[in-house]
Amino acid sequence: MKRAFITGITGQDGSYLAESLLQRGYEVHGLIRRASVFNTDRIDHLYQDPHDQAVRLHLHHGDVTDPLALKRVIEESDPDEIYHLAAQSHVRVSFDQPLYTGHVGAMGTLNVLEAAKEVERRRDRPIRLYNAGSSEMFGASPPPQSEDTPFRPRSPYAVSKVAAHGYAVNYREAYGLHVVNGILFNHASPRRGETFLTRKVTRAATRISLGLQDHLWLGNLDARRDWGFAGDYVEAMWRMLQTDVPVDYVVATGRSHSVRDVVVAVFDRLDLDWEAHVRIDPRYLRPTEVAHLEGDASRIERDLGWKPEVGLDDLVDMMVEHDLAVAERERLLRDHGHGDVPRGRVTP
Ligand code: NAP
Ligand code: GDD
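Within each chain, residue numbers correspond to sequence positions counted from 1 in written order. Chains carry letters from A onward and ligands carry numbers from 1 onward, assigned in written order. In keeping with the predicted nature of the model, local features appear solely for residues at pLDDT of at least 70, side-chain atom pairs appear and are counted solely at 80 or more, and the whole-chain, interface and lining totals rest on all residues. Where side-chain values are given, they derive from all heavy atoms of the structure, hydrogens and water being excluded.

Turning next to the overall build of the chain. Helix and strand counts for the chain come out as 12 helices and 13 strands. A compact globule built from 348 residues should have a C-alpha radius of gyration of about 20 Å, and the chain, at 20 Å, falls within 12% of that. Seen through its principal axes, the chain has C-alpha atoms that stretch 60 × 50 × 40 Å. The 348 residues of the chain split such that 54% are buried. Strands are runs of DSSP state E lasting at least 2 residues, helices are runs of H or I lasting at least 4, and numbering of each runs from the N terminus. Here the globule rule reads 2.2 Å times residues to the power 0.38, and the radius of gyration is calculated from C-alpha atoms. The rule is simple: take the accessible area with a 1.4 Å probe, protein chains only, and divide by the maximum for that residue type; under 20% is buried, over 50% is exposed, in between is partly exposed.

This part takes up the layout of surface pockets. Picture a little ball the size of a water molecule; that probe, rolled over the atoms, points out where space is still empty. Lining residues are those with an atom within 4 Å of a point, where the points come from a 1 Å grid over the protein atoms alone and group into cavities, where a 1.4 Å probe fits but cannot get out, or pockets, open sets with protein on both sides within 12 Å along at least five of seven lines. Grid points are joined across faces, edges and corners, and a volume is the space filled by probe spheres set on the points. Within this model, the second largest pocket holds a volume of roughly 180 Å³. Every residue lining the second largest pocket is counted, 13 residues in all, and those nearest its centre are Ile-32, Phe-38, Asn-39, Thr-40 and His-61.

On to helix α7 (residues 230-241), then. The span one expects for a helix is its residue count, reduced by one, times 1.5 Å. With 12 residues, α7 should reach 16 Å at 1.5 Å per residue; the first-to-last C-alpha distance of 17 Å fits that figure. Burial runs high along α7: 11 of the 12 residues are buried.

Buried residues of nine kinds, namely Ala, Val, Leu, Ile, Met, Phe, Trp, Tyr and Cys, make up a nonpolar core once their side-chain atoms join them within 4.5 Å. Core analysis: the biggest nonpolar cluster contains 68 residues, and Tyr-83, Tyr-130, Met-240 and Phe-267 have the highest contact counts within it. For this core, the leading source of residues is α7, giving eight residues. Per-domain counts for this core show at least three residues from each of domain 1 (3-190 + 227-251) and domain 2 (197-223 + 257-288 + 311-338). Residue contacts for Phe-267: discarding those within four places in its chain leaves Val-201, Ala-205, Ile-208, Leu-216, Leu-272, Asp-273, Trp-274, His-277 and Val-278. Per the annotation, domain bounds derive from an automatic or database assignment of domains. Here a residue-residue contact requires only that any non-hydrogen atoms of the pair lie within 4.5 Å.

What follows covers helix α11 (residues 312-335). For α11, built from 24 residues, the straight-helix expectation of 34 Å at 1.5 Å per residue is met to within 8% by its first-to-last C-alpha distance of 34 Å. Residues of α11 that are buried: Leu-312, Leu-315, Val-316, Met-319, Val-320, Asp-323, Val-326, Ala-327 and Glu-330. Looking at the buried residues of α11, the elements they touch are β7 (187-188), α6 (197-209), β10 (228-229), β12 (257-258) and α8 (259-269). Remark: Gly-337 follows α11 within two positions and exhibits a positive phi of approximately 80 degrees.

Turning our eyes to something else, we now look at the site of ligand 1. Only heavy atoms are used to decide nearness, and a residue is near a molecule or strand if one of them lies within 4 Å of it. Around ligand 1, 24 residues are found, and the nearest of them are Thr-10, Asp-63, Leu-85, Ser-89 and Tyr-157. Note that a nitrogen atom of ligand 1 is positioned 2.7 Å from one of the side-chain N or O atoms of Asp-63. Any pair of N or O atoms that falls within 3.5 Å is considered a polar contact. Within protein, one atom must be able to donate a hydrogen and the other to accept it, and sequence-neighbouring residues count only if both atoms are side-chain atoms. With respect to ligand 1, the backbone of Val-64 contributes an N or O atom lying 3.0 Å from a nitrogen atom. To measure how exposed things are, a 1.4 Å probe is used in the Shrake-Rupley method; for residues, cover is taken only from the protein chains shown. Computed on the free molecule, ligand 1 has an accessible area of 900 Å², of which 89% lies beneath the protein chains in the complex.

Here the focus is the site of ligand 2. Every one of the 25 residues lining ligand 2 counts as a neighbour, but Ser-89, Ser-134, Ser-135, Tyr-157 and Arg-286 are closest to it. Residue Arg-225 places a side-chain N or O atom 2.9 Å away from an oxygen atom belonging to ligand 2. Considered on its own, ligand 2 offers 710 Å² of accessible surface; in the complex 95% of this is hidden by protein. When contributions to the shell around ligand 2 are tallied by element, the ones reaching two or more residues are α6 and β8 (216-218). Classifying every residue of the shell around ligand 2 gives 11 nonpolar, eight polar and six charged. No fewer than three residues from each of domain 1 (3-190 + 227-251) and domain 2 (197-223 + 257-288 + 311-338) sit in the shell around ligand 2. By the convention adopted, Pro, Cys, Tyr, Trp, Phe, Met, Ile, Leu, Val and Ala count as nonpolar, Lys, Arg, Asp and Glu as charged, and the other residues, Gly among them, as polar.

Pairing is parallel across the open sheet formed by seven strands, whose spatial order is β3-β2-β1-β4-β5-β6-β11. Of all strands in the sheet, those with a lone pairing partner are β3 (57-61) and β11 (249-251), marking the two edges. For this sheet, the mean angle separating the axes of adjacent strands, direction not counted, is 20 degrees. Two strands qualify as a pair provided DSSP detects at least 2 bridges between them. Across five bridges, strand β1 (residues 3-7) lies against strand β2 (residues 27-32) in parallel orientation. Considered in β2, the bridge of Ile-6 is made with Gly-30. As a rule, the C-alpha atoms of each element are fitted with a line to give its axis, helices using only the stretch in contact, and angles between N-to-C directions run from 0 to 180 degrees. Of the strands in this sheet, β1, β4 (81-84), β5 (128-134) and β6 (178-184) are in contact with helix α4 (residues 98-123), which crosses β4 at around 175 degrees. On top of the sheet, α7 reaches β4, β5, β6 and β11; it is set at about 155 degrees to β6, its chief contact.

Take the environment of Pro-246 next. Within the secondary structure layout, Pro-246 lies in the loop between α7 and β11. For Pro-246, a relative accessible area of 23% gives the class partly exposed. The spatial distance from the C-alpha of Pro-246 to the C-alpha of Gly-176 is 9.9 Å, given a sequence separation of 70 residues. If near-sequence neighbours (up to four positions away) are discounted, Pro-246 is found in contact with Arg-172, His-178, Val-179 and Val-180.

Right under this line is the structure:
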């Protein structure tokens, strides 16, 4: 049985990845942060009683900024593959917390690489490591962006990802560590964090359609992104680690849409006039925006046969259907006197 270790297992991608690795027969170990409330919603359906002998999902407390604990849990997990997904992944927030974002994104990645190198050296069995890079690294470089496009990062988040990418390449070249960098374009799902654009829109629009709120506050409607489905993208991560020679890949759909296009698509699905509900709030603008990301994923298609299965239309359908059910539950609770979800939670 192969063993995998995932940082960021409680996040969107970590949850889909854990699911697919368990389905493939892996034993899965995940790093989780101690929190004062449960933070495992996205993987609760995968959770197994640790007293059960057949358990294949193990969760370990730790943090990528804590190198000692990190190394200990990687040693204990004894993985064949590490998927390093942990990050402060919100671009807008990275302008508010640049040092923290850099600490987790860049130094955290260095801690993971260093731990993997040391554990591999001691046990004399190779480790393969996937590092979660981002299309944000391309920043101001015009589309289409491929593996050969220069990085011109436009946010503290993107800079931290460029540093992490550089560390990963260096550990590959200097120590022969089997590291691959996935350069993933935006991907979403019903499990997407509610402060990212797609989910923010589907949560708000479905609530508006049921009379639970009136307005949705957004920032820049003109930016263009290449949006895919997270389930497809974790499949690409796994394929990248199955080759004997480590190669970095762009993962994208090859099609971009504006933020406005997404808003219109979601509101249209619900027969709502988006202009009657959407307002602009400058707090959601970024000091430096990335205007246009559209990936050229021909290398991964050619080498690994990976292609996205879900396009933006199907993604929007999937997310609207999911969030309509969430909003219906919220309305039911409200109608039975249990109060409503605080507005701040759904329109952050
Ligand atoms: P996400 O939903 O924000 O999840 C981030 C995960 O990292 C969470 O499990 C979070 O834990 C964990 N984490 C944050 N700081 C940590 C720390 N200091 N130590 C340990 N764990 C920590 O992000 P995602 O969308 O799944 O993305 C996964 C990775 O891919 C990220 O590195 C992101 O930057 C990158 N990426 C994402 C996209 C995309 O469109 N989704 C595209 C390109 C690259 P908590 O649950 O405790 O907060
Ligand atoms: N979040 C958010 N909230 N974005 C908004 C809003 C708003 O109210 N209004 C407009 N936008 C625009 C942003 O300015 C950006 O151009 C676009 O919507 C997408 O924003 P996000 O969904 O926050 O994603 P992102 O593109 O900044 O970053 C995501 O994708 C990267 C890959 O390209 C994150 O998942 C990153 O972690 C990831 O690396």
